[in-house]
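The lines below spell out each chain.
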Amino acid sequence: MAKVLIVEARFYAQLNDMLLKGARAAIEAAGHTHETVTVPGALEIPGALALADQSGLYDAFVGLGVVIRGETYHFEIVAGESARGLMALAMDGLAIGNGILTVENEAQALVRADPAQKDKGGEAAKAALAMLALKERFG
Ligand SMILES: Nc1c(NC[C@H](O)[C@H](O)[C@H](O)CO)[nH]c(=O)[nH]c1=O
Ligand SMILES: CC(=O)[C@@H](O)COP(=O)(O)O
């Protein structure tokens, strides 16, 4: 049984609750356990994952968040750098699923966060578990 850490950036609480529901359901359906920690925003997710990995307590990680474009270039920074940070950690051997939505508006986020629709939270959890299986296969 694996222990999965979910790191959520609760910038949009109601959307995050949907992502969390999907991710937790996927992890439990696969017979694994999970814990959740919360950070202010998507930019903090990679750092939180790195800190958590140093503990050696977790087998896999899921990053959840919602980044919605505003008026400035900051969207590109938050969306791009959170993704880049997770990718860097994955290339360093962590089993990670990226459930950080990067969207133009709340309507797009809702469809993707909803477990009954695109279920991106569940998708990210399944990706993390798939990477964990590969990690275990490759030893
Ligand atoms: N605009 C969004 C943010 N911005 C906050 C950053 O993620 C970060 O917390 C801040 O820059 C302090 O370091 N975060 C989201 O998750 N979603 C957004 O739409
Ligand atoms: C993704 C963001 O950082 C964005 O929500 C911030 O909005 P703004 O660009 O209008 O400051």
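Residues numbered from 1 in each chain as written. Chains lettered and ligands numbered in written order. Predicted model: local features only at pLDDT ≥ 70, side-chain atom pairs only at ≥ 80, totals over all residues. Heavy atoms only, no water.

- In the nomenclature of an unreviewed UniProt entry, the chain is known as 6,7-dimethyl-8-ribityllumazine synthase of Sphingomonas qomolangmaensis.
- Regarding the chain, the relevant UniProt record gives this comment under Pathway (unreviewed entry): "Cofactor biosynthesis; riboflavin biosynthesis; riboflavin from 2-hydroxy-3-oxobutyl phosphate and 5-amino-6-(D-ribitylamino)uracil: step 1/2."
- The heading Catalytic activity (unreviewed entry) in the UniProt record of the chain holds the text "(2S)-2-hydroxy-3-oxobutyl phosphate + 5-amino-6-(D-ribitylamino)uracil = 6,7-dimethyl-8-(1-D-ribityl)lumazine + phosphate + 2 H2O + H(+)". (UniProt positions renumbered as here; feature names shortened; annotations may be inferred.)

Description of the pairing of strand β1 (residues 3-9)
- Burial runs high along β1: 6 of the 7 residues are buried.
- With 7 bridges joining them, β1 and strand β2 (residues 33-39) adopt parallel strand pairing. Pairing of Ala 9 across the sheet is with Val 39, part of β2.
- Following the backbone out of β1, through helix α1 (residues 13-29) and into the adjacent parallel β2, one traces a crossover that is right-handed.
- By the bridge criterion, 5 bridges tie β1 to strand β3 (residues 60-68) in an arrangement that is parallel. (Buried < 20%, exposed > 50% of the residue type's maximum accessible area, 1.4 Å probe, protein only. Helix = DSSP H or I, 4+ residues; strand = E, 2+ residues; numbered from the N terminus. Pairing = 2+ DSSP bridges. Right-handed = clockwise from strand over helix to strand, strands pointing away.)

Some words on the sheet that holds strand β4 (residues 96-103)
- As summarised here, the arrangement of the 4 strands in space is β2-β1-β3-β4, forming an open sheet in which the pairing is parallel. In the strand order of this sheet, the two ends are held by β2 and β4, each with one partner. Looking at each pair of strands side by side, their axes are set apart by 15° on average, direction ignored.
- Lying over the sheet, α1 contacts β1, β2, β3 and β4, oriented at roughly 155° with respect to β3. (Axes fitted to C-alpha atoms, helices over the stretch in contact; angles between N-to-C directions. Contact = heavy atoms within 4.5 Å.)

A word on the site of ligand 1
- Neighbouring ligand 1 are Phe 11, Tyr 12, Gly 41, Ala 42, Leu 43, Glu 44, Val 66, Val 67, Ile 68, His 74 and Val 78.
- At 3.2 Å from an oxygen atom of ligand 1 is found a main-chain nitrogen or oxygen belonging to Ile 68.
- In the complex, 75% of the free accessible area of ligand 1, which totals 440 Å², lies under the protein chains.
- The set of elements that each furnish at least two residues to the shell around ligand 1 consists of β3 and α3 (74-91).
- A total of 3 residues in the shell around ligand 1 trace back to one element, the largest contributor, which is β3.
- Residues belonging to the shell around ligand 1 are distributed by class as follows: 8 nonpolar, 2 polar and 1 charged. (Near = heavy atom within 4 Å. Polar contact = N/O pair within 3.5 Å; in protein donor to acceptor, adjacent residues only side chain to side chain. Areas by Shrake-Rupley, 256 points an atom, 1.4 Å probe, with all protein chains shown as cover. Nonpolar A, V, L, I, M, F, W, Y, C, P; charged D, E, K, R; others polar.)

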